[in-house]
Amino acid sequence: NAGVTQTPKFQVLKTGQSMTLQCAQDMNHNSMYWYRQDPGMGLRLIYYSASEGTTDKGEVPNGYNVSRLNKREFSLRLESAAPSQTSVYFCASLPGTGGSYSNQPQHFGDGTRLSIL
Amino acid sequence: AQSVSQHNHHVILSEAASLELGCNYSYGGTVNLFWYVQYPGQHLQLLLKYFSGDPLVKGIKGFEAEFIKSKFSFNLRKPSVQWSDTAEYFCAVTASGGYNKLIFGAGTRLAVHP
């Protein structure tokens, strides 16, 4: 009954370092999402993957790359971390794609708290 | 572009007080509306959702929300709050159709004092 699992839970990086945040879901969901959460700004979509093999930019994609490795896994990479990327990152998933799933809630992981010095 | 506004950023209440958190969205088409809650140190959980039918929807833990289409609003209410309701509350919207991208409001941080 794991749902959406994110690793690591906490990480501290130095400016310029690279890092990959991992996300896996065991619910056989098609769609997966990466958000960042910043105080006073809610959650903002970084990238999403409507299905295995596809990825698209969200609201704030600059400085990030993603890989949909398979149906279960969707990773987020920071190639050269910057202090502005200090945030809490959430991964989410949804059973399907398209309009028939737009009224379904997304399932969220526990988040990764990332600090960049 | 879609957007969501939550008018109250911080709310402080005493136990048993009534709660109403405002949420307005901007989008001209058909939308699906959600309220999520984030308890301290935890991930987001769904409180309730609206996509069609009765505009008054009931969720978990005694929460309810009313969709008023003419006002583009989806306010969250609870008649009597408890200390355990201390959390951050997010209103979110997706457009019907498309890739189900959630657009979140900035959130309202609720503190309930015993």
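Residues numbered from 1 in each chain as written. Chains lettered and ligands numbered in written order. Predicted model: local features only at pLDDT ≥ 70, side-chain atom pairs only at ≥ 80, totals over all residues. Heavy atoms only, no water.

### Considering the environment of Gly-22 of chain B
Here is step 1 of the chain: One can find Gly-22 of chain B in the loop between strand S3 (19-21) and strand S4 (24-26).
Here is step 2 of the chain: Note: C-alpha distance between Gly-22 of chain B and Asn-75 of chain B (53 residues apart in sequence) is 4.6 Å. (Helix = DSSP H or I, 4+ residues; strand = E, 2+ residues; numbered from the N terminus.)

### A word on the sheet that holds strand S3 (residues 19-25) of chain A
All names here are of chain A.
Here is step 1 of the chain: An order of S1-S3-S8-S7 is seen for the four strands of this open sheet, with the pairing classed as antiparallel. Two strands lie at the open edges of the sheet, namely strand S1 (4-7) and strand S7 (64-68), each paired on one side alone. Adjacent strand axes in the sheet meet at a mean angle of 20 degrees, parallel and antiparallel pairs treated alike.
Here is step 2 of the chain: With five bridges joining them, S7 and strand S8 (residues 74-78) adopt antiparallel strand pairing. In the sheet register, Val-66 faces S8, and the bridge partner there is Leu-76. (Pairing = 2+ DSSP bridges. Axes fitted to C-alpha atoms, helices over the stretch in contact; angles between N-to-C directions.)

### Focus on the state of the cysteines
Residues and elements named next belong to chain B.
Here is step 1 of the chain: This structure, assessed with the given rule, holds two disulfides over all chains.
Here is step 2 of the chain: Disulfide pairing places Cys-23 opposite Cys-91 at an S-S distance of 1.9 Å. Between Cys-23 and Cys-91 the sulfur-sulfur dihedral comes to about -65 degrees; the bridge is accordingly left-handed. One end of the pair, Cys-23, is in the loop between S3 and S4; the other, Cys-91, is in strand S10 (residues 87-95), and 68 residues separate them in sequence. Taken individually, Cys-23 and Cys-91 each receive the classification buried, so the pair is uniform in this respect. (Disulfide = S-S within 2.5 Å. Buried < 20%, exposed > 50% of the residue type's maximum accessible area, 1.4 Å probe, protein only.)

### As for the pairing of strand S2 (residues 10-14) of chain B
All names here are of chain B.
Here is step 1 of the chain: Judged by which residues are buried, S2 turns out to be one-sided: Val-11 and Leu-13 face inward and are buried, whereas His-10, Ile-12 and Ser-14, on the alternate face, are not.
Here is step 2 of the chain: Bridging between S2 and strand S12 (residues 108-113) involves five bridges; their strand directions are parallel. Counted as the bridge partner of Ser-14 is His-113 from S12.

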